[in-house]
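Here is how the chains run, residue by residue.
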Amino acid sequence: MSTDTDTRTVTPAADETPDGTPTESLTATETGAASGTRTTASGTGTASGTRTVAVRAPARPAPAAAFHSVGAVTLVLLGLVAIGAVIHEPVLIPPLAASAALVHSAPTLPLSQPRSVVVGHLLAAAAGYATLAVAGASAWAAAVAAGLTLALTHLARTPHSPACATAVVVVLQAPAPARFVPLLFGATVVLVLMELAVSRIRKGAPRYPAYWW
């Protein structure tokens, strides 16, 4: 019985992402035989299409891209603090800091789109208050609320992982809904509008949003 062996070397050229982050070249050597077994520099697999791939951490972003993201996140969070100081309400909460970092660092991800940011946090608030009403304020209830938030955001097609922390805040701190929910909504809108503005300032930055709804 004859065995066919094929050896290929693939070397994609180095490229740069839309936000100025360079991508590294990857070299893979594939050896195939009639048995359908494939071995590459990144992993092994079979002809059925299943293979294990080892990936590395991304390259450091270009200085301009890093300054753009860090500056935008810091600016929008300072803006939320300033708004809170004016109205004498705590507008900046930990989940919003996580949202700002996500939106400005990865603006093309589904988790960063306006629909996910705004609706995700509102669903989290609803899950938090519902859990609080049924189970009271406890760490156990907060964990349940976070899981419920994750389920709701998936069902609503509004994935946004920082929203799970919003549900935890609601259960553990029990803020007054009449004050907390409008402030939460306003803060998420500010995050979205800030990224909308800064994405148009730096030339070559990814356009935000990828979609609105």
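The rules we used
- Residues numbered from 1 in each chain as written.
- Predicted model: local features only at pLDDT ≥ 70, side-chain atom pairs only at ≥ 80, totals over all residues.
- Heavy atoms only, no water.
- Helix = DSSP H or I, 4+ residues; strand = E, 2+ residues; numbered from the N terminus.
- Buried < 20%, exposed > 50% of the residue type's maximum accessible area, 1.4 Å probe, protein only.
- Contact = heavy atoms within 4.5 Å.
- Areas by Shrake-Rupley, 256 points an atom, 1.4 Å probe, with all protein chains shown as cover.
- Expected span 1.5 Å × (residues − 1).
- Core = buried A, V, L, I, M, F, W, Y, C linked by side-chain atoms within 4.5 Å.
- Axes fitted to C-alpha atoms, helices over the stretch in contact; angles between N-to-C directions.
- Left-handed = near helix turned anticlockwise from the far one by under 90°.
- Nonpolar A, V, L, I, M, F, W, Y, C, P; charged D, E, K, R; others polar.
- Parallel < 35°, antiparallel > 145°, perpendicular 65-115°, else oblique.
- Phe/Tyr/Trp six-rings, centres within 6.5 Å; stacked < 30°, edge-to-face > 60°.
- Salt bridge = Lys/Arg side-chain N within 4 Å of Asp/Glu carboxyl O.
- Patch = residues over 30% accessible without salt bridge, like charges linked within 9 Å, V, L, I, M, F, W, Y side chains within 5 Å.

A. Seen up close, the overall build of the protein. Assigned secondary structure in the protein consists of six helices and six strands. Traced from its N-terminal end to its C-terminal end, the protein shows the element sequence β-β-β-β-β-β-α-α-α-α-α-α. Counting the 213 residues in the protein, one finds 35% classified as buried. Of the contacts formed within the protein by residues at least 6 apart in sequence, a portion of 62% connects residues at least 24 apart. Accessible surface for the protein amounts to roughly 12100 Å². Of this, 68% is attributable to carbon and sulfur atoms.

B. Spatial organisation of helix H2 (residues 94–105). With 12 residues, H2 extends 17 Å from end C-alpha to end C-alpha; this agrees with the ideal 16 Å at 1.5 Å per step. Every buried residue belonging to H2 is among Pro-95, Leu-96, Ser-99, Ala-100, Leu-102, Val-103 and His-104, and all of these are buried. At its buried positions, H2 is contacted by helix H1 (63–87), helix H3 (114–135), helix H5 (163–173) and helix H6 (177–198).

C. How the structure looks around the nonpolar core. Leu-80, Leu-96 and Phe-180 are the most contacted members of the largest nonpolar core, which totals 19 residues. Looking at this core, the elements with two or more residues in it are H1, H2, H3 and H6. Among the elements that take part in this core, H6 stands out by supplying six residues, more than any other. If we ignore the near neighbours within four places in the chain, the residues touching Leu-96 are Leu-77, Leu-80, Val-91, His-121, Leu-184, Ala-187, Thr-188 and Leu-191. Residues Ala-141, Ala-142, Ala-163 and Ala-167 belong to the second largest nonpolar core, which totals seven residues.

D. Examining the packing of H3 against H5 more closely. Relative orientation of the contacting elements H3 and H5 amounts to 35 degrees, with a least axis distance of 8 Å. Between H3 and H5 the crossing geometry is right-handed. Residues Gly-120, His-121, Ala-124, Ala-125, Gly-128, Tyr-129, Thr-131 and Leu-132 of H3 lie in contact with H5, whose contacting residues are Ala-163, Thr-166, Ala-167, Val-170 and Val-171. The residue makeup of the contact of H3 with H5, split by class, is eight nonpolar, five polar and no charged.

E. Representation of the packing of H3 against H6. Close contact between H3 and H6 brings their axes to 9 Å; oriented N to C, the two are set at 165 degrees. One element, H3, and the other, H6, form an angle in the roughly antiparallel class. Judged by the sense of rotation from one axis to the other, the crossing of H3 with H6 is right-handed. Counting all contacts with H3, which are made through Pro-114, Val-117, Val-118, His-121, Leu-122, Ala-125 and Tyr-129, the residues of H6 involved are Pro-177, Phe-180, Val-181, Leu-184, Phe-185, Thr-188, Val-189 and Val-192. Here the contact of H3 with H6 is composed, by residue class, of 13 nonpolar, two polar and no charged.

F. How the structure looks around the environment of Ala-126. Within the secondary structure, Ala-126 sits in helix H3. A C-alpha to C-alpha distance of 9.9 Å links Ala-126 and Leu-148, two positions 22 residues apart in sequence.

G. Up close: the packing of aromatic side chains. With the rule as written, the count across this model stands at one aromatic pair. For the ring pair Tyr-129 and Phe-180, a centre distance of 6.5 Å and an interplane angle of 75 degrees mean the geometry is edge-to-face. A residue pair is termed long-range when its members are at least 10 positions apart, and Tyr-129 in helix H3 and Phe-180 in helix H6 qualify at 51 residues. The class of Phe-180 is buried, set by a relative accessible area of 11%.

H. Broad picture of the pattern of salt bridges. Applying the stated rule across the entire model yields one salt bridge. The partner of Glu-89 in a salt bridge is Arg-179, and the shortest N-O contact between them spans 3.1 Å. With a gap of 90 residues between them, Glu-89 in the loop between H1 and H2 and Arg-179 in helix H6 connect regions that are remote in the sequence.

I. Just a nonpolar patch on the surface, in detail. A cluster of nonpolar side chains, Ile-83, Val-86 and Ile-87, forms an exposed patch at the surface whose accessible area comes to about 260 Å². Here Val-86 falls in the exposed class, since its relative accessible area comes to 65%.

J. Just the environment of Pro-175, in detail. Tracing the sequence through the fold places Pro-175 in the loop between H5 and H6. Residue Pro-175 is classed as buried on the basis of its relative accessible area of 18%. For the pair Pro-175 and Tyr-129, spaced 46 residues apart in sequence, the C-alpha to C-alpha distance is 9.2 Å. Beyond its immediate stretch of four places on either side in the chain, Pro-175 contacts Tyr-129, Val-169, Val-170 and Phe-180.

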